[in-house]
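Chain residues, written in single-letter form:
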Amino acid sequence: MTTRGAVIVGVGGLGSPAAAALAAAGVPALTLVDDDVVETSNLPRQPLYAVDDVGTPKVEAAARRLRTRRPDLRITTVRSRVAAANAREILAGHAVILDGTDGLPSKSMLNDAALSLDIPLVHAGAVGLDGQLFTILPRRTACLRCLFPELPHEDDLPTCQQSGILGPVVGAIGLAAAGEVSRILDGDAPELANRLAILDGARVRWRVVELRPNPRCPACDAARGTC
Ligand SMILES: [Zn+2]
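For every chain, the first residue of the written sequence is number 1, and numbering continues from 1 along that sequence. Where totals are concerned, whole chains, interfaces and linings use all residues; where local detail is concerned, this predicted model gives features only for residues with pLDDT of at least 70, and gives and counts side-chain atom pairs only at 80 or more. The side-chain quantities take in all heavy atoms of the structure and omit both hydrogens and water.

Trainee: Is there a simple way to think about the coordination of the zinc ion in this case?
Mentor: Any two of four tetrahedral donors ideally make an angle of 109.5 degrees at the metal, while pairs among six octahedral donors ideally make 90 or 180 degrees. For the zinc ion, every protein donor is listed as C143 (SG), C146 (SG), C217 (SG) and C220 (SG), and the spread of their distances is 2.3 Å. Metal coordination here is assigned from N, O and S atoms located within 2.8 Å of the ion, or within 3.2 Å for Na, K and Ca; omission of water means that sites may look incomplete. Tetrahedral means four donors with every angle between 85 and 135 degrees, whereas square planar (four donors) and octahedral (six donors) require angles over 155 degrees between opposite donors and between 65 and 115 for all others; sites fitting neither are termed irregular. Classification of the site at the zinc ion as tetrahedral follows from its four donor atoms and the range of 102 to 118 degrees in their angles at the metal. Summarised as a motif, the one-chain spacing of the donors to the zinc ion is C-x2-C-x70-C-x2-C. Here C146, found in helix α5 (residues 144-147), pairs with C217, found in the loop between β8 (205-210) and α8 (218-225); they are 71 residues apart in sequence, far enough to count as distant. Both residues of the pair, C146 and C217, belong to the buried class. Segments assigned H or I by DSSP are reported as helices when at least four residues long, segments assigned E as strands when at least two residues long, and all are numbered from the N terminus. Type-normalised accessible area, obtained with a 1.4 Å probe on protein chains alone, sets the label of each residue: buried when under 20%, exposed when over 50%, and partly exposed for intermediate values.

Trainee: Just checking my understanding: could you explain the nonpolar core for this structure?
Mentor: Inside soluble globular proteins, nonpolar side chains tend to come together where they are buried. Membership of the largest hydrophobic core comes to 38 residues, with the highest contact counts inside it found for L30, L32, L48 and L66. For this core, the secondary structure elements donating two or more residues are β1 (6-9), α1 (15-25), β2 (29-33), α2 (58-69), β4 (96-99), β5 (121-127), α7 (167-185) and β7 (195-200). For L32, the residues in contact, after removing those within four places along its chain, are I8, V11, A19, V59, A62, A63, L66, I75, T76, T77 and V78. Only buried residues count toward a nonpolar core, which is a set of Ala, Val, Leu, Ile, Met, Phe, Trp, Tyr and Cys residues joined through side-chain atoms within 4.5 Å. Contacts between residues were defined by any pair of non-hydrogen atoms, one from each residue, lying within 4.5 Å.

Trainee: In this structure, what is going on with the packing of α1 against α7? I would like to understand it.
Mentor: Angle between the axes and distance between the axes: these two values describe a pair of packed helices. Here α1 crosses α7 at 40 degrees, and the two axes come no closer than 8 Å. The angle between α1 and α7 falls in the class oblique. Where α1 crosses over α7, the two elements pack in a sense that is right-handed. Note on element contacts: α7 touches α1 through G171, G174, L175, A178, V181 and S182, opposite P17, A18, A21, L22 and A25. Of the residues contributing to the contact of α1 with α7, the split by class is eight nonpolar, three polar and no charged. Think of each axis as a best-fit line through the C-alpha atoms, taken over the contacting stretch in the case of a helix, with angles from 0 to 180 degrees between the N-to-C directions. Note that the term roughly parallel is reserved for angles under 35 degrees, roughly antiparallel for angles over 145, roughly perpendicular for angles of 65 to 115, and oblique for everything else. The sense of a crossing depends on the near helix, which, turned anticlockwise from the far helix by less than a right angle, makes the crossing left-handed and, turned clockwise, makes it right-handed. In this classification, Asp, Glu, Lys and Arg are treated as charged, Ala, Val, Leu, Ile, Met, Phe, Trp, Tyr, Cys and Pro as nonpolar, and every other residue, Gly included, as polar.

Trainee: Could you clarify how one ought to interpret the side chain of K58 in this entry?
Mentor: Structurally, K58 can be placed in helix α2. For the charge count, each Lys or Arg is scored as positive and each Asp or Glu as negative, with His and the chain ends excluded. Any Lys or Arg side-chain nitrogen found within 4 Å of a carboxyl oxygen on Asp or Glu counts as a salt bridge. An unpaired buried charge is present at K58: no salt bridge exists, and D36, the closest side chain of opposite charge, is 4.3 Å distant. Aside from chain neighbours lying at most four places away, what touches K58 is V11, G12, D34, D36, V37, V38, N42, Q46 and Y49.

Trainee: When you look at the pairing of β5 in this model, what are you seeing that I'm missing?
Mentor: On a regular strand, each side chain points to the face opposite its neighbour's, so the side chains alternate between the two faces of the sheet. Most of β5 is tucked away: six of the seven residues are buried. When DSSP locates at least two bridges between a pair of strands, those strands are taken to pair. Inspection of the sheet shows β4 paired to β5 by three bridges, in the parallel sense. Pairing of L98 across the sheet is with V122, part of β5. We call a crossover right-handed when, viewed with the strands running away from us, the connection from the first strand over the helix to the second turns clockwise. Note that the unit made of β4, helix α4 (residues 104-117) and β5 has a crossover that is right-handed. Bridge count between β5 and strand β6 (residues 130-136): seven bridges; the pairing is antiparallel. Residue pairing for β6: A126 is matched across the bridge by G131. Taking the residues that link successive antiparallel strands as the turn, the β5-β6 hairpin has two residues, and the phi of G128 there is positive, at about 60 degrees.

Trainee: Explanation requested: α4 in the structure shown.
Mentor: An α-helical segment advances 3.6 residues per turn. Residues three or four places apart therefore align on the same side. Expected helix span is computed as 1.5 Å times (number of residues minus one). Along its 14 residues, α4 runs 20 Å from first to last C-alpha, staying within 8% of the 20 Å computed at 1.5 Å per residue. Counted residue by residue, α4 has eleven buried out of 14 residues, so it is predominantly covered. Within the sequence span of α4, burial applies to L104, S106, K107, S108, M109, L110, N111, A113, A114, L115 and L117.

Trainee: Would you mind showing me how to read the sheet that holds β2 here?
Mentor: One key point about sheets: their strands pair by backbone hydrogen bonds, in either a parallel or an antiparallel sense. Ordered by their spatial adjacency, eight strands build an open sheet running β3-β2-β1-β4-β5-β6-β7-β8, and the pairing between neighbours is mixed. Since the sheet does not close on itself, it has two edges, and those belong to β3 (74-78) and β8, each with one partner. Each adjacent strand pair in this sheet contributes to an overall mean axis angle of 15 degrees, direction not counted. Set on the sheet, α1 makes contact with β1, β2 and β4; between it and β1 the angle comes to about 160 degrees.

Given below as structure tokens:
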């Protein structure tokens, strides 16, 4: 199977700045996955979109904008939401996945899919004034479910739509995630494997928490079974 570069799942507040940064960095190929259309409320923190794009599918508007900057960039657009049923079809063959989704259930599903497909995953998330990211190398480093073996109920978790989100925080997390993707595409070791980087946007402080794989993690256990 050919390698199709990086796939960005969710081209919103996280994925949009990440896509712009990766295109500017010279990556040869990007796959953009999102089923949303551009809304006026997206414009302040999603730098690929402009007023004229409102109502247009995000993947189309993003691809159009990126091509004006990088005509040579190979862009594949997938107007869909990644779910367990279609994850393999959408993600297989990529060198690295960037998680730009919102909400722990979708992030957990993406984690499990990345482990099953043995593709590195850069997890990124931001809610309110806080953001975090780390990189998952399947079967080698801690995954998202090493941290959260049991998923909290969706109703117990704030989403960025409920808690709000600070544009500079989500932008900083998206750019940092793009840096990790670039390192992996270049064949370099990621900085944030087994290291959770947390941005406190209120105080503009980063801190890093060392992680280790959880021997009772159900996702890592299942991935080892697929070897
Ligand atoms: Zn795990």
